[in-house]
2 protein chains.
Amino acid sequence: MTFSEENYLKTIYHLTSVSDADISTNAIAEKMETKASSVTDMLKKLSEKDLVNYIKYQGVSLTDKGKLAAKMIVRKHRLWECFLVEKLDFSWDEVHDIAEQLEHIKSEKLINKLDDFLGNPTEDPHGDPIPDAQGRIIKVEKQLLSEFEKNQIGICVGVKDTSSDFLKYLDKQEIALGSQIEIIEKESFDSSFRIRVGTKEITISNKIASNLYIK
Amino acid sequence: MTFSEENYLKTIYHLTSVSDADISTNAIAEKMETKASSVTDMLKKLSEKDLVNYIKYQGVSLTDKGKLAAKMIVRKHRLWECFLVEKLDFSWDEVHDIAEQLEHIKSEKLINKLDDFLGNPTEDPHGDPIPDAQGRIIKVEKQLLSEFEKNQIGICVGVKDTSSDFLKYLDKQEIALGSQIEIIEKESFDSSFRIRVGTKEITISNKIASNLYIK
DNA sequence: AATTAAATTTAGACAAAGCTAAAAATTATA
DNA sequence: TATAATTTTTAGCTTTGTCTAAATTTAATT
Ligand SMILES: [Mn+2]
Ligand SMILES: [Mn+2]
Ligand SMILES: [Mn+2]
Ligand SMILES: [Mn+2]
């Protein structure tokens, strides 16, 4: 499988996890910053290899084979992110681009040994689940902070937006995975929040609250 | 720089280290298991980028820029091999092919952090030197076992042939980097050797002796 | 020196993956 | 329902890196 094929599978996998319905050509093109015509070409190719179910004009979905392949790429991506953060001391906003490269390294033995070396983690540095060697995922119950109400208390367990900018903002506010967050006030006008993180009280916009997963 | 360009540079670098003279198109083709015409095409491209000095029909050599680039790829290859052996517990005959992939990962920060994580090793699992971030190499004095004479004693510090088959043979004979080797007898008829490795006495062919570096 | 052999380059073709522009199908709207 | 807007596909072209076959250059041998 080529890098490009792997990237398409991964993108379809990620789009599926949010919408559930069949994925449109344009949605893939937009996410991958490529042209719809290129997507069509690749969908034919993936369909030929039985990795996706593709009907002209109707969108695509992953076959079981394609889904497993996608999960293995996600597994590699997230394990490498763990390695970079936990062993090489990278910060969580620096690892994604490097993992985008490392996820394409082909060696089952390597990834399984890496998994063991890291102590078989179930989540990556952004709180996202790591599929095991069989593609199984441990789902963790979590809600967006924006769905919380006044006086509720939770633990930050993940981020929805994993952009470097957002992660650096969280660092600045001293919000990390494991931080306790208490809703002090919810402003009805703009849906912003007054929250307590550890000992500090801060105000965050609704956009921020909509990208933080809490349990 | 593409994977392919990197592989050509690396090949030219390795061929240079044995012959010193300009490298021929055919030598590159043979080493890379490709066709001479493909090599010619790539040499033009590398020459255009000032990575090699290339004169039609006359062979190539690396420019300073090309040599440094090649060294950085070799650096990555050998550091990853160290990682695989020392941290992930691979054996020395399993790591080359995986390192062939990992050597193309682009991130200076990654490779320098990996270097630190490994304790800044100067040699890879096969006894080959690891260039530092500036491309400097610590040369170690070493001779082929085949050049040794009766009664001489030395330490195994490297292998010339790094094929899996040869490395597995050495494992079987319990010869590893650091093993003490004493020449008991040199058979003049076929240039085979009777040697002592640790407590054991074994006979090795000249071909074996010509692929073991001793200090 | 002339001829032959070997090495190297050129010419032309192909597959992968991308693009633009035009055609076709689907969806939305009047 | 007919028309317009949007989405998707097709057709044709480009780049990268490879190949085969033919042409050219260099090296080796009479
Ligand atoms: Mn990531
Ligand atoms: Mn992640
Ligand atoms: Mn190697
Ligand atoms: Mn090595």
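Residues numbered from 1 in each chain as written. Chains lettered and ligands numbered in written order. Predicted model: local features only at pLDDT ≥ 70, side-chain atom pairs only at ≥ 80, totals over all residues. Heavy atoms only, no water.

Caption draft 1: Representation of the coordination of the manganese ion (ligand 3) in the model. Residue and element names in this part refer to chain B. Only His77 (NE2), Glu81 (OE) and His96 (ND1) from the protein coordinate the manganese ion (ligand 3), and they sit 2.0 to 2.1 Å from it. The sequence pattern formed by the donor residues of the manganese ion (ligand 3) is H-x3-E-x14-H. Given a relative accessible area of 1%, Glu81 falls into the buried group. (Donors = N, O, S within 2.8 Å, 3.2 Å for Na, K, Ca; no water. Buried < 20%, exposed > 50% of the residue type's maximum accessible area, 1.4 Å probe, protein only.)

Caption draft 2: View of the coordination of the manganese ion (ligand 1). All names here are of chain A. In this structure, His77 (NE2), Glu81 (OE) and His96 (ND1) serve as the protein donors to the manganese ion (ligand 1), at separations of 2.0 to 2.2 Å. Expressed as a motif, the donor residue spacing for the manganese ion (ligand 1) is H-x3-E-x14-H. A gap of 3.5 Å separates the manganese ion (ligand 1) and the manganese ion (ligand 2), which Glu81 links by coordinating each metal. Of this pair, His77 sits in helix α4 (residues 64–87) while His96 sits in helix α5 (residues 95–102), placing them 19 residues apart in sequence. Since its relative accessible area comes to 7%, His77 is described here as buried. (Helix = DSSP H or I, 4+ residues; strand = E, 2+ residues; numbered from the N terminus.)

Caption draft 3: Fine view of the protein's contact with DNA strand C. Neighbouring DNA strand C are 20 residues; Thr2(A), Thr34(A), Lys45(A), Tyr54(B) and Lys56(B) lie closest to it. A share of 80% of the atoms of DNA strand C within 4 Å of the protein falls on sugar and phosphate groups. In this structure, a phosphate oxygen belonging to DNA strand C sits 3.4 Å away from a side-chain N or O atom of Tyr8(A). The separation between a phosphate oxygen of DNA strand C and a polar side-chain atom of Lys56(B) is 2.7 Å. At the level of elements, α1 (3–19) and α3 (36–48) of chain A together with α2 (25–32) and α3 (36–48) of chain B are the ones that each hand at least two residues to the surface near DNA strand C. Here the surface near DNA strand C is composed, by residue class, of five nonpolar, ten polar and five charged. (Near = heavy atom within 4 Å. Polar contact = N/O pair within 3.5 Å; in protein donor to acceptor, adjacent residues only side chain to side chain. Nonpolar A, V, L, I, M, F, W, Y, C, P; charged D, E, K, R; others polar.)

Caption draft 4: Region of interest: the UniProt feature "domain: HTH dtxR-type" (unreviewed entry) in chain A. Here, the residues flagged by UniProt with the feature "domain: HTH dtxR-type" (unreviewed entry) are residues 1–63 of chain A. From the first C-alpha to the last, residues 1–63 of chain A spans 16 Å; its make-up is 60% helix and 13% strand. (UniProt positions renumbered as here; feature names shortened; annotations may be inferred.)

Caption draft 5: Main features of the pairing of strand β5 (residues 180–186) of chain B. All names here are of chain B. Examined bridge by bridge, strand β4 (residues 153–159) and β5 share three bridges and lie antiparallel to one another. Each bridged residue has a counterpart across the sheet, and for Ile153 the counterpart in β5 is Glu182. As paired elements, β5 and strand β6 (residues 193–197) share five bridges and run antiparallel to each other. Its bridge partner being in β6, Glu185 is matched across the sheet by Arg194. Hairpin connection, β5 to β6: the antiparallel pair is bridged by six residues, and Ser191 has positive phi, about 55°. (Pairing = 2+ DSSP bridges.)

Caption draft 6: Structural view of the protein's contact with DNA strand D. Taken together, 20 residues lie around DNA strand D, and Tyr54(A), Lys56(A), Thr2(B), Thr34(B) and Lys45(B) are the ones closest in. The contact atoms of DNA strand D, taken as those within 4 Å of the protein, divide so that sugar and phosphate hold 78%. Lys44(A) places a side-chain nitrogen or oxygen 2.7 Å from a phosphate oxygen of DNA strand D. Between DNA strand D and Lys35(B), the relevant distance is 3.2 Å, taken from a phosphate oxygen to a main-chain nitrogen or oxygen of the residue. Contributing elements (two or more residues each) for the surface near DNA strand D: α2 (25–32) and α3 of chain A together with α1 (3–19) and α3 of chain B. The residue inventory of the surface near DNA strand D, partitioned by class, reads five nonpolar, ten polar and five charged.

Caption draft 7: Local environment of helix α7 (residues 164–172) of chain A. All names here are of chain A. Of the residues making up α7, those classed as buried are Phe166, Leu167 and Leu170. Angularly, the buried residues of α7 cover 100° about the axis, an arc narrow enough to put them on a single face. Opposite the buried face of α7, at more than 90 degrees from it, the exposed residues are Asp165 and Lys172. Buried residues along α7 sit against β4 (153–159), α8 (206–209) and β8 (212–214). Looking at the residues trailing α7, positive phi occurs at Glu174, about 60°. (Arc of directions from axis to C-beta. Contact = heavy atoms within 4.5 Å.)

Caption draft 8: Seen up close, the interface of chain B and chain A. The interface of chain B with chain A comprises 21 residues on the first partner and 21 residues on the second. The junction of chain B with chain A conceals about 1700 Å² of combined surface from both sides, 72% of it contributed by carbon and sulfur atoms. For chain B, the biggest contributors to the area lost against chain A are Leu88(B), Gln101(B) and Lys113(B); these three give 28% of the whole. Linking chain B to chain A there are two salt bridges. Inspection of the chain B/chain A interface yields eight residue pairs in polar contact (both at pLDDT 80 or more). Partitioned by chemical class, the residues of the side of chain B that touches chain A number twelve nonpolar, three polar and six charged. (Buried area = accessible area lost by both parts, 1.4 Å probe. Salt bridge = Lys/Arg side-chain N within 4 Å of Asp/Glu carboxyl O.)

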